[in-house]
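# Overview (structure and organization)
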Amino acid sequence: MAPGYLYPARLPLGTRVGPWRVLDRRGRGVYGAVYRALGAERAMAPVALKLALHPGDARFAREAELLSRLHHPNVPRLVGHGEWQAPDGSAYPYLAMEWVEGSSLYDWAREHRATSRQVLSCLASLARALEATRAVGGVHRDVKGDNVVVREVDGQPFLLDFGSSHYLGAATLTWPPFPPGTPAYRSPEAWRTVMSPSPAPAVPYAPGPSDDVFALGVTGYRLVTGEYPPSLGLDDEGARIWSLEGPGPRAPRGLNSRCCVELSALVSRMMSMRPEARGSAGELAEVMEKAAREAGPKADVSLFDLEEARPVAVRASSRRVSLRGREASRRHWRIAVGAGVSLVLGIGSLMSARTGHAPTNAQVSARLEAKDGGAVAVGDSALTAPVSSTVPPSAWSPIALDVPPKPFPGQMRPDANGRCPHKGYVPIHGGCWLKVDLAPKDCVGIAYVYKEACYVPVFPPARPSTSGPAN
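In this report, the structure presented in the accompanying data block is examined. Bear in mind the structure is a predicted one, so any value in this text is a computation, not a measurement. (Residues numbered from 1 in each chain as written. Predicted model: local features only at pLDDT ≥ 70, side-chain atom pairs only at ≥ 80, totals over all residues. Heavy atoms only, no water.)

## Topic: the overall build of the protein chain
Along its length, the protein chain carries twelve helices and 15 strands. Looking at the protein chain as a whole, 52% of its 471 residues are labelled buried. In the protein chain, 69% of the contacts between residues at least 6 apart in sequence involve partners at least 24 apart. Per element, the accessible surface of the protein chain, about 20800 Å² overall, is 56% carbon and sulfur. (Helix = DSSP H or I, 4+ residues; strand = E, 2+ residues; numbered from the N terminus. Buried < 20%, exposed > 50% of the residue type's maximum accessible area, 1.4 Å probe, protein only. Contact = heavy atoms within 4.5 Å. Areas by Shrake-Rupley, 256 points an atom, 1.4 Å probe, with all protein chains shown as cover.)

## Some details on the nonpolar core
In this structure, L120, L123, L216, L223, L263, M270 and M288 are the most contacted members of the largest nonpolar core, which totals 66 residues. Take this core: its biggest share by element is ten residues, from helix α3 (residues 116–135). Aside from chain neighbours lying at most four places away, what touches M270 is L123, V213, F214, L216, G217, R278, L284 and M288. Residues Y7, V22, A37 and A86 belong to the second largest nonpolar core, which totals 18 residues. (Core = buried A, V, L, I, M, F, W, Y, C linked by side-chain atoms within 4.5 Å.)

## Section: the packing of α3 against helix α8 (residues 261–270)
Packing of α3 against α8 leaves a shortest axis separation of 10 Å and a crossing angle of 35°. As for how α3 packs across α8, the hand of that crossing is left-handed. Facing S116, V119, L120 and L123 of α3, the residues of α8 in contact are L263, L266, V267 and M270. Its residues assigned to classes, the contact of α3 with α8 comprises seven nonpolar, one polar and no charged. (Axes fitted to C-alpha atoms, helices over the stretch in contact; angles between N-to-C directions. Left-handed = near helix turned anticlockwise from the far one by under 90°. Nonpolar A, V, L, I, M, F, W, Y, C, P; charged D, E, K, R; others polar.)

## Some details on the sheet that holds strand β2 (residues 20–28)
With antiparallel pairing, six strands are arranged side by side in an open sheet as β1-β2-β3-β4-β6-β5. Here the strands that pair on one side only, and so sit at the sheet edges, are β1 (16–17) and β5 (78–85). Pairing of strand β4 (residues 47–52) with strand β6 (residues 91–98), which is carried by five bridges, proceeds in the antiparallel orientation. Its bridge partner lying in β6, L49 is registered against A96. The sheet contacts of helix α1 (residues 58–69) involve β3 (32–39), β4, β5 and β6, and relative to β6 the element is tilted by about 30°. (Pairing = 2+ DSSP bridges.)

## A closer look at α8
Taken residue by residue, α8 has L263, S264, L266, V267 and M270 as its buried positions. The inward-facing, buried residues of α8 contact α3, α5 (209–225), α7 (252–255), α9 (275–278) and α10 (281–294).

## Examining the state of the cysteines
Tallied over the full model, the rule gives one disulfide. Put simply, C420 and C432 are joined by a disulfide, and their sulfur atoms are 2.2 Å apart. Note on the C420 and C432 pair: the S-S dihedral is about -105°, so by sign convention the disulfide is left-handed. In this pair, C420 sits in the loop between α12 (361–370) and β12 (425–428) while C432 sits in strand β13 (residues 431–436), placing the two residues twelve residues apart along the sequence. For the pair shown, C420 and C432 are each scored as buried. Here C260 is not cross-linked by a disulfide; its sulfur's nearest cysteine counterpart is in C259, at 5.5 Å. Overall, the relative accessible area of 1% leaves C260 in the buried class. (Disulfide = S-S within 2.5 Å.)

## Some details on the packing of α3 against α5
It is the contact of α3 with α5, at a shortest axis distance of 11 Å, that shows an interaxial angle of 165°. Between α3 and α5, the angle is such that the two are roughly antiparallel. As for the relative orientation of α3 and α5, their crossing is right-handed in sense. Taking contact as the criterion, the partners of V119, L123, L126, A127, L130 and R134 in α3 are, on α5, P209, D212, L216, G220 and L223. Taken together, the residues of the contact of α3 with α5 sort by class into eight nonpolar, one polar and two charged. (Parallel < 35°, antiparallel > 145°, perpendicular 65-115°, else oblique.)

## Examining the environment of A215
Following the sequence through the fold, A215 ends up in helix α5. Overall, A215 belongs to the buried group, its relative accessible area being 5%. In sequence terms A215 and V143 are 72 residues apart; their C-alpha atoms lie 5.6 Å from each other. Beyond its immediate chain neighbours, meaning those up to four positions away, A215 contacts V143 and Y185.

## Quick look at the packing of aromatic side chains
All told, the structure shown has six aromatic pairs when counted by the stated rule. Both rings, one in Y185 and one in Y228, keep their centres 5.7 Å apart while their planes meet at 85°; by these two values the pair is edge-to-face. In this pair, Y185 sits in the loop between β11 (166–167) and α4 (188–195) while Y228 sits in the loop between α5 and α6 (236–241), placing the two residues 43 residues apart along the sequence. For Y228, a relative accessible area of 1% gives the class buried. When the ring of F214 is compared with that of W242, the centres are 5.4 Å apart and the planes differ by 65°; the resulting orientation is edge-to-face. Note that F214 is positioned in helix α5 and W242 in the loop between α6 and α7, a separation of 28 residues in sequence. (Phe/Tyr/Trp six-rings, centres within 6.5 Å; stacked < 30°, edge-to-face > 60°.)

In structure tokens:
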């Protein structure tokens, strides 16, 4: 990276973006990087700063518009938005959100050994946030545990990462067959649009408020049981369970004996096969709030084992995902609410259900262990990552560098059709790259990171000298 060059994914400490100065980086994805930043004026509070990695990214304008309409205590507040002018003249959109200290939902539940009553109250607050989103014509489209933060000081949950959201009148930015979303949280009706034997739809499936309600149900299910329900799009078992005449997933109470009857019934209701049976987010919020007030003593029993802090009496399953999260040493997370970072979900994996080449349960389980439900198309939060070092990246720091936005001088370039000259070479940002079999954390000093993989730049072979050795 050339001296003095500023790449949006690696801004050094003190870089000014609008009226804020970067303190440290908290995460990144394909479309955005998230920083903790402080106002240039001392009176300004810290913010979560989400900066686009691509000039003029329209996703940021759409997210800013929806958040500007939302005013709810369980939705992060939009502080400001604008464009950061890079030294080369490119304009990168950014969003600034209020900064909130807390833990991701699943980790909060584990660390605090949450009870059914506490979970009912938490889910009710999130349902209120979804109802507020619906009231302004919006849909979140990526509700899940990693997109919920529970504030440390008062236990208040926040629904964050509206990077995948949509609202009435907004331009369509995605492609068939699916819009953004996370496979493990996708509704049965969404899966059926791709699994149908008819030709693929010309426009993406359009999630509505009932899809958000279903995803909230899956969130509650995983919190209580420690595993995801079978997915309609992954195997034959899921297709049987989620058919309109099927039994549906096993009730949470059947997997965790400490779950109270009221919570189990409401989670199952939110995951009903038929959207109309789920009820609206507002209706569910009222029922859950009433259940939290009136449930008996059983609702005050912790859902988690004292020693292992995991859901009790959970049967073994290939879909099991431990609520321990990442390494045990990662106890206390500082999370900037609402500034999600983006990842890409390959269309090939979505179409596997149509072709019949679905991944095995073991493969699915491994993917889910790595991330909450797998990758998403446009809005996966990186803010549930542990606190990073406040020391800015440098040429000597042990941090893998991202693929730069422009090719290196002399690097092999794709042809006019966008193809590199040799099989196996991958065109990225105008240059040809070769993928190497390393984990991203091992790219340091060897390769560059792109879409969670390691790549090395490809250069043409040196031409043989046409003159003799110098005397």
